[in-house]
Amino acid sequence: GHGKCDCGKCKCDEGWYGEACQYPTTCNLTRRKSNEMCKNSQDIICSGAGTCQCGRCKCANSEGNGLVYGKFCECDDRECIDDETGEICTGHGKCYCGNCYCEAGWHGDKCEFQCDITPWEIKKRCTSPDGKICSNRGTCVCGECTCHDVDPTGDWGDIHGDTCECDERNCRAVYDRYSDDFCSGHGQCNCGRCDCKEGWTGKKCEHPRSCPLSVEESTQKCQGSSNLPCSGRGRCECGQCTCFPPGDKRVHGKNCECDDRQCENAEGDVCGGHGICSCGRCICQDGWFGNWCQHSRKCNMTEEESRSLCESADGILCSGKGSCHCGKCICSPQEWYISGDFCECDDRDCDKHDSLICTGNGVCSCGNCECWEGWNGNACEIWLGREYP
């Protein structure tokens, strides 16, 4: 929106420059504010592979080949170049964000090795009983599955089997992530299935046979309006919920439906200091709005100044998925999964466990889980903190 396209190249309006006319020649941001906007999730400015210009990263591409890219210059496709041939993925795959995705019959970090069996035989050996390649829980390399193991500390981890068909995580009840117990501590896990001890029943051996309620009745009482018993944040036993983590009063409610951790931003501030938290939602003070009361209704910018800060690198205002207020994008509330400084992120891409995004132990940030203290794993499913009583 700041120039004209002439034969595939941008001719920028006065006051703008860059391949897509995305950089203003004058900047009304302080250097500190600009650098903050350019930091990646590890707080490194432009991932150390570019320079920050008015809150936007300009990636270092001295050869003009465009191999370093991304909002924070986090993608470096030079990692895909084979040292011997000089080709990307040795010509047998495609590179995406520094990783090679090989064609059938090839493997290796840079697709440099050829398999000694046919693609048909490769697929046959890697197909699980349910017809999926490595059960959708691993990578097939020359007819052998390498499972995406979330717990490499064990003998074989949580995911194993010739075609990754065994997922021990299926034996963990939601609340059992706070201990080492499988099958609620009342059974044995065999290839993702719980075999319960005498006196216990249920998919995860969570239900005492002495309970006057059936498993279904107990689950229904614990479920409330959620799709999961105790909203996926506690233990259901005979129709009663015990919320977890133990002693953390931020998770509460009859069905553990209130999670006040959702009111905290990445720094741990509750409702940005401009509101109060009520059952996981911020009620803002007058003059403030937003999910975390982070937006002030007052604004000392002109409309033009505000819009210039809301335009993404491609020149689209808030990626076409939100509105601009005082230089910041407010993403469409109808699409809960849209987030990011420019509404460019889809939080549906965040990993799930037990059907919960980030397992309820972190927040989804631009398609990646940012775990709360003590939690780790792609979906924040691994507890690394102290043992709970």
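Every chain begins its residue count from 1, and numbering advances along the sequence as written. With the structure being a predicted model, the display of local features is reserved for residues of pLDDT at least 70 and the display and counting of side-chain atom pairs for 80 or more, all residues being used for whole-chain, interface and lining totals. The side-chain figures draw on all heavy atoms in the structure; neither hydrogens nor water molecules are used.

K.L.:
I tried to follow the environment of Gly-192 on my own but got confused; where do I start?
P.N.:
Turning to its location among the elements, Gly-192 is positioned in the loop between strand E17 (187-190) and strand E18 (193-196). The buried label applies to any residue whose accessible area, calculated with a 1.4 Å probe on protein chains only, is under 20% of its type's maximum; exposed applies above 50%, and partly exposed to all values in between. Given a relative accessible area of 17%, Gly-192 falls into the buried group. Between the alpha carbons of Gly-192 and Glu-168 there is a distance of 4.4 Å; along the sequence they are 24 residues apart. Contacts are assigned to residue pairs with any non-hydrogen atoms lying within 4.5 Å of each other. Excluding residues that lie within four positions of it along the chain, Gly-192 makes contacts with Asp-167, Glu-168, Asn-170 and Cys-171. Under the scheme used here, helices are H or I runs from DSSP no shorter than 4 residues and strands are E runs no shorter than 2 residues, and both carry numbers assigned from the N terminus.

K.L.:
It is not clear to me how the pairing of strand E35 (residues 362-365) should be interpreted in this structure. Could you clarify?
P.N.:
Look at any regular strand and the pattern is simple: side chains alternate between the two faces of the sheet. A pair of strands counts as paired when DSSP detects no fewer than two bridges linking them. Note that E35 and strand E36 (residues 368-371) share four bridges and pair antiparallel. Within E36, the residue paired with Gly-362 across the bridge is Cys-371. The hairpin turn running from E35 into E36, its antiparallel successor, is two residues long, and Cys-366 in that turn takes a positive phi close to 55°.

K.L.:
Looking at this structure, how should I read unusual backbone geometry?
P.N.:
Even without being a glycine, Ser-184 presents a positive backbone phi close to 60°. Among the secondary structure elements, Ser-184 is positioned in the loop between strand E16 (166-167) and E17. Positive phi outside glycine occurs at Cys-343, with the angle close to 55°. By the secondary structure assignment, Cys-343 is in the loop between strand E31 (338-339) and strand E32 (345-346). The buried category is assigned to Cys-343, whose relative accessible area is 0%.

K.L.:
Sorry if this is basic, but what is going on with the domain arrangement of the chain here?
P.N.:
Interface size is commonly expressed as the accessible surface area that is lost when the partners come together. The domain limits used here are those given by an automatic or database domain assignment. Each assigned domain of the chain is listed with its residue range as follows: domain 1 (3-73), domain 2 (216-296), domain 3 (303-347) and domain 4 (350-383). When each unit is reduced to the centre of its C-alpha atoms, the spacing between domain 1 and domain 3 is 17 Å. The partner domain 3 presents ten residues to the eight residues of domain 1 that form the contact. Summed over both sides, the interface of domain 1 with domain 3 buries roughly 760 Å², with 51% coming from carbon and sulfur. It is Asn-28, Arg-56 and Lys-71 in domain 1 that bury the most area against domain 3; as a group they hold 55% of the surface buried on that side. The term buried area refers to how much accessible surface (probe radius 1.4 Å) is lost by two components on association, counted for both of them together.

K.L.:
Honestly, the environment of Asp-269 in this entry has me stumped. Any pointers?
P.N.:
In this structure, Asp-269 sits in the loop between strand E24 (258-259) and strand E25 (275-278). The spacing of Asp-269 and Trp-292 is 23 residues in sequence and 9.0 Å in space, taken between C-alpha atoms. Once you skip the residues sitting within four places of it in the chain, Asp-269 turns out to touch Cys-263 and Glu-264.

K.L.:
Explanation requested: the pairing of strand E29 (residues 322-325) in the structure shown.
P.N.:
Sheet topology note: the E29/strand E30 (residues 328-331) ladder contains four bridges and is antiparallel. The partner of Ser-323 across the bridge, within E30, is Ile-330. Counted along the chain from E29 to the antiparallel partner E30, the turn is two residues long, and its residue Cys-326 has a positive phi close to 50°.

K.L.:
Where do I start with the pattern of salt bridges in this structure?
P.N.:
Think of it this way: side chains of opposite charge can pair up when their charged atoms draw near. By definition here, a salt bridge exists when the distance from a side-chain nitrogen of Lys or Arg to a carboxyl oxygen of Asp or Glu is within 4 Å. Tallying each qualifying case throughout the model produces 13 salt bridges. With a closest N to O distance of 3.2 Å, Arg-125 and Glu-121 form a salt bridge. Of this pair, Arg-125 and Glu-121 are both found in helix H2 (residues 119-126), four residues apart, which corresponds to roughly one turn of the helix. For Glu-121, a relative accessible area of 22% translates into the label partly exposed. For Asp-195, the salt bridge goes to Arg-193, with nearest N and O atoms at 3.1 Å. Overall, the relative accessible area of 30% leaves Asp-195 in the partly exposed class. Put simply, Lys-71, Asp-341 and Glu-344 are held in one network by salt bridges that share partners.

K.L.:
Would you explain the state of the cysteines in this entry?
P.N.:
Two cysteine sulfurs form what is called a disulfide whenever their separation falls within 2.5 Å. For the structure shown, the criterion picks out 32 disulfides. Across the disulfide from Cys-59 sits Cys-73; the S-S distance is 2.2 Å. Its torsion about the S-S bond being -100°, the disulfide of Cys-59 and Cys-73 is classed as left-handed. Of this pair, Cys-59 sits in strand E6 (residues 56-59) while Cys-73 is found in the loop between strand E7 (68-69) and strand E8 (75-76), placing the two residues 14 residues apart along the sequence. Linked covalently through their sulfurs, Cys-222 and Cys-236 form a disulfide whose S-S length is 2.1 Å. Across the S-S bond linking Cys-222 and Cys-236, the dihedral sits near 80°, which makes this disulfide right-handed. Remark: Cys-236 occurs in strand E21 (residues 234-237) and Cys-222 occurs in helix H3 (residues 215-223); sequence separation between them is 14 residues. Residue classification places Cys-236 among the buried residues on the basis of a relative accessible area of 9%. No disulfide involves Cys-7; its nearest neighbouring cysteine sulfur is the one of Cys-5, lying 8.3 Å away. Note on Cys-10: no disulfide assigned, nearest cysteine sulfur contributed by Cys-21 at a separation of 4.4 Å.

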